[in-house]
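Residue strings, one per chain:
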Amino acid sequence: MASYLGWGTSAPKGVKYLSATEAQAIDSDLMGTDGAFSLDQLMELAGLSIAQAVAAVYPLGPALPLDENGIKQKRTNERVLVCCGPGNQGGDGLVAARHLFQFGYAPSVFYPKESKGEIFSRLKKQCENLSLPLIAPPALSSSSFPMAPDAQSVAFRRAVQNADIILDCVFGFSFKGPVRDPFKVVLQEFVKTDKKVVSVDIPSGWDVEKGDVDGMGFVPDALISLTAPKLGVRKYADEGRVHWLGGREMADKYQLNLPAYPGSSQVVDITVPGLAGQKKL
């Protein structure tokens, strides 16, 4: 089947869907003695893959002349709100935001909870160096300028309204429910919004093997699987919804039966035949 973007690639029959244990084993293998990757490297590769997939599914519109008042006009799909959790998934999102900026998009970053990780702090600093807007958790009450408890939620909702695309990098395949604050409001907005939502690896709030078992009701417009699809998205994929794959660093040691990546691209379209994915564009 020719893909809807004309790359002529779709998921081969029998592509392997990973359990949580298998996904964790592959990550461990990649960062072990045999794989020899560092966590930083894997985040960089994942973030680049995510940014390339977003650009493929929702291309940036052409540059427009200044309006009659000399103000820059917004390009199609330009504003991307990158929603990051405090774990490795959020780190992938921060890398993706940096690459999207380099691709010409106007990303902003929302993270509802601070991460204690040193890598996350450095990736956040890299976004700050590019002057990307950051919607951070409220300052501690001991701060000289404390924020209202709902200040971040209000700012987040405004950012959603202003965005063209929402990139869901909140929870990864290690998530275990139920969803708790401060993440509840994020997933509630994902459900309510009419903006295009792209999830990474597993839609946030879904069980990695069983899917939306808690009935979040959140179904993204597109999904970017990393390394290989996870069991929890099999039904989503089988419905023909927009589905891309990134992370070509994995050799087929685990007999994943993945498609070939085209040229130098870090992503490949694995949308299966069906109408649902076509209607999302």
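Only a predicted model underlies this, so the values are computations on that prediction, with no experimental measurement involved.

Thresholds, definitions, all that
- Residues numbered from 1 in each chain as written.
- Predicted model: local features only at pLDDT ≥ 70, side-chain atom pairs only at ≥ 80, totals over all residues.
- Heavy atoms only, no water.
- Core = buried A, V, L, I, M, F, W, Y, C linked by side-chain atoms within 4.5 Å.
- Buried < 20%, exposed > 50% of the residue type's maximum accessible area, 1.4 Å probe, protein only.
- Helix = DSSP H or I, 4+ residues; strand = E, 2+ residues; numbered from the N terminus.
- Contact = heavy atoms within 4.5 Å.
- Disulfide = S-S within 2.5 Å.
- Expected span 1.5 Å × (residues − 1).

1. Quick look at the nonpolar core
Thought 1: By size, the foremost hydrophobic cluster in this structure holds 36 residues, and its most contacted members are I50 and L167.
Thought 2: Counting residues per element, the ones that place at least two in this core are α2 (39–57), β1 (79–84), α3 (88–102), α4 (118–129), β4 (165–169), β5 (196–200), β6 (222–226) and β7 (242–246).
Thought 3: Examining the composition of this core, we find that eight residues originate from one element, α2, more than from any other.
Thought 4: Dropping the residues within four chain positions of it, I50 is found in contact with D92, A96, L167, V200, I224 and L226.

2. Overview of the state of the cysteines
Thought 1: For the structure shown, the criterion picks out zero disulfides.
Thought 2: Unpaired in this structure, C83 has its nearest cysteine sulfur neighbour in C84, at a distance of 7.4 Å.
Thought 3: With no disulfide of its own, C169 lies closest to C84 among cysteine sulfurs, the gap being 5.6 Å.
Thought 4: Judged by its relative accessible area of 0%, C169 falls in the buried class.

3. Points about helix α5 (residues 151–162)
Since one α-helical turn is 3.6 residues long, residues separated by three or four positions face the same way.
Thought 1: Taking 1.5 Å per residue as the helical rise, α5 with its twelve residues ought to reach 16 Å, and the 17 Å between its terminal C-alpha atoms agrees with that figure.
Thought 2: Packed against the buried residues of α5 are β1, β2 (106–110), β3 (134–135), β4 and α6 (184–192).

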